[in-house]
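Coordinate analysis (summary)
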Amino acid sequence: MMKLVNKIRRQLKQRYDAIDNIHFKRDLLNALPFWFGALITGLVAVLYAKLFAWAEAGTRYVYHHSPESKWAFLLLTPLCFLIGWYLVNRFAPFARGSGIPQVTAAIDLSNPRHNYKVVRLLSVRVILVKVVSSLFVILGGGVIGREGPTIQISAAIFKQVNRLLPAWYPKISKRNMIITGAAAGLASAFNTPLGGIVFAIEELTKTHLNFFKSALLTGVIIAGLTALNLLGPYLYLGYPRLDNIPIWIIFVVMLVALITGFAASGMGEAILFILRRKQQLTSAAEKMVYPLLCGLAIALLAVLVDERMFGSGKEIMFETLFTDHKHVEWYVPILRIIGPILSFSTGVAGGIFAPALSAGASIGAVVAGWMYLTDTATNLLVLCGMVGFLTGVTRSPFTSSILVIEMTNSHNIIFYLMLTALLANLVSNLVNRHSFYDQLKTQYIQEIHRDEVLEATLEEEAAKKGKGE
């Protein structure tokens, strides 16, 4: 395999040397790694999306196969959670959770002093474990999404492309490659190119866009077009009706913004609290029991209360936006908040983007039901709920607004969505000034530094023992 790679490298070098235009050669060399990474990202994102959808379909098939089959989840869900947790814990601890905090941590560590630590956050092993673990968990009904993992997977792909560049190749910023990879991953996961660009600017970096705007734009475009050509033209959700909305609805929108902002930030704080308490678990048995119990709790709530406890929640968004069943029961938002808390805190691989969107959609639908609103007004509240809840989790109001606009082509309500994002962000900041992702990023960086100190100490002790013998 390496012989083939080296042969291709030599041929490319010969063809490159044959080009006379120096400026063209420089620009081409700078662009090629981004183009290649974006193409691979689009292909992998599509494959992952297909596998994830099949796993969710498998969950629904088992649940509805017969009147008794749903009880199988009392065994299936804990087992899938245990497998998902074991894969992460045994083979790639930094593949756990969403993946966005790992990417932001890798960006922070992408400097001459800590460059070598990035491999623990973004590696081929992390990609494989991320995919397999999340597929097991979603098959068992775990309340996770694929969008956050796609971002980490894509950033890892770009990082690997950067690593494989030959020695003669012009140096390309690893940091810019990771940022572009993450943006391309989001764009291909949601089919939202603007969302990917805004996400890179707002969430991932403080660097001025001029430093790498061409690479970022082309990366997002190529990854998005690759996914688009394989999946066909589509919106992540569709075209909800949003006509004849009354002026006074703005007051209800503000109410939804306040509720979703508080609920989302509260959910994040609950997850972080559990993760801190889990650090007190020392024995392997205790660590294994926790995912089993969380899986059992999710299965019991799904079987005894409502099957909408299971999965990413995309069906809830579809149902409330495009069917006559727009008003969900009051307990559905509670289930959709409990689900991510139980799933995310186990340490399995899985994102929180889609669960956050579905939780916000259910809150908007419940509020609309309280007030007996029309279908179009309900659609507005559902979309505002999605924006508000996602903002409460990410603290990225522009990204949340743009994502929902691109997912539904709802440009005519952009001001309602941005108002929701602004208010939800303000409420979330009252709960905690630091976002859920920022706090996790800090934990990951501290963990990497701590592990390095521990490894150095163990090596020193081993060396002393060797001298003593």
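Notes on the structure in this doc start here. Because the structure is a prediction, the values reported are computed rather than measured. (Residues numbered from 1 in each chain as written. Predicted model: local features only at pLDDT ≥ 70, side-chain atom pairs only at ≥ 80, totals over all residues. Heavy atoms only, no water.)

1. Some points on the overall build of the protein
When helices and strands are tallied, the protein shows 18 helices and zero strands. Counting every position in the protein, which comprises 469 residues, the buried fraction comes to 55%. For the protein, restricting intrachain contacts to residue pairs at least 6 apart in sequence, the fraction spanning at least 24 positions comes to 83%. Summing over all exposed atoms, the protein offers an accessible surface of approximately 21300 Å²; the carbon and sulfur share of this is 66%. (Helix = DSSP H or I, 4+ residues; strand = E, 2+ residues; numbered from the N terminus. Buried < 20%, exposed > 50% of the residue type's maximum accessible area, 1.4 Å probe, protein only. Contact = heavy atoms within 4.5 Å. Areas by Shrake-Rupley, 256 points an atom, 1.4 Å probe, with all protein chains shown as cover.)

2. Concerning the nonpolar core
Nonpolar side chains in soluble globular proteins tend to end up buried together. The biggest cluster of nonpolar side chains holds 111 residues, and the ones touching the most others in it are Leu122, Leu380, Met386, Phe389, Val393 and Phe436. Composition of this core by domain shows at least three residues from each of domain 1 (39–231) and domain 2 (248–445). In this structure, phenylalanine 389 is in contact with Thr260, Ala263, Ala264, Met267, Ile337, Ala356, Ala359, Gly360 and Ile363, ignoring residues within four places of it in sequence. (Core = buried A, V, L, I, M, F, W, Y, C linked by side-chain atoms within 4.5 Å. Domains from an automatic or database assignment.)

3. Comments concerning the packing of helix 10 (residues 249–278) against helix 13 (residues 332–344)
Remark: helix 10 packs on helix 13, axes separated minimally by 9 Å, with the N-to-C direction vectors making an angle of 25°. As the angle between them shows, helix 10 and helix 13 are arranged roughly parallel. Judged by the sense of rotation from one axis to the other, the crossing of helix 10 with helix 13 is right-handed. Where helix 10 abuts helix 13, its residues Ala263, Met267, Ala270, Ile271 and Ile274 lie against Ile337, Pro340, Ile341 and Phe344. (Axes fitted to C-alpha atoms, helices over the stretch in contact; angles between N-to-C directions. Parallel < 35°, antiparallel > 145°, perpendicular 65-115°, else oblique. Left-handed = near helix turned anticlockwise from the far one by under 90°.)

4. Remarks on the pattern of salt bridges
A full pass over the atoms with the stated rule returns seven salt bridges. Residues arginine 308 and aspartate 306 are paired through a salt bridge, measuring 2.7 Å at the closest nitrogen-oxygen approach. Accessibility assignment for this pair places arginine 308 and aspartate 306 in one class, buried. Residues participating in the shared-partner salt-bridge network are Asp306, Arg308, Glu319 and Glu329. (Salt bridge = Lys/Arg side-chain N within 4 Å of Asp/Glu carboxyl O.)

5. Details of the environment of alanine 95
Along the chain, alanine 95 falls in the loop between helix 3 (73–91) and helix 4 (100–109). Judged by its relative accessible area of 0%, alanine 95 falls in the buried class. Sequence spacing of alanine 95 and arginine 125 is 30 residues, and the spatial spacing of their C-alpha atoms is 8.7 Å. Apart from residues no more than four positions distant in its own chain, alanine 95 is found in contact with Val88, Gln102, Val126, Val129, Lys130, Gln152 and Ala349.

6. A few points about a nonpolar patch on the surface
A surface patch of nonpolar side chains, about 430 Å² in accessible area, is lined by Trp71, Leu296, Leu300, Leu304 and Val305. Of note, leucine 296 is situated in helix 11 (residues 284–304). (Patch = residues over 30% accessible without salt bridge, like charges linked within 9 Å, V, L, I, M, F, W, Y side chains within 5 Å.)

7. A short note on unusual backbone geometry
The bulk of non-glycine residues show a negative phi, and the bulk of peptide bonds are trans. Of note, the phi angle at asparagine 244 is positive, near 55°, even though the residue is not glycine. Tracing the backbone through its elements, the reader meets asparagine 244 in the loop between helix 9 (213–231) and helix 10. Notably, tyrosine 372 is not glycine yet its phi reads approximately 50°, a positive angle. Positionally, tyrosine 372 belongs in the loop between helix 14 (353–370) and helix 15 (375–394). By relative accessible area, tyrosine 372 is classed as exposed at 74%.

8. Digging into helix 12 (residues 314–322)
Among the residues of helix 12, those classed as buried are Ile316, Met317, Thr320 and Leu321. Down the axis, helix 12 shows its buried residues gathered within 115° of arc, on one side only. In the core, the buried residues of helix 12 are packed alongside helix 13, helix 14 and helix 15. (Arc of directions from axis to C-beta.)

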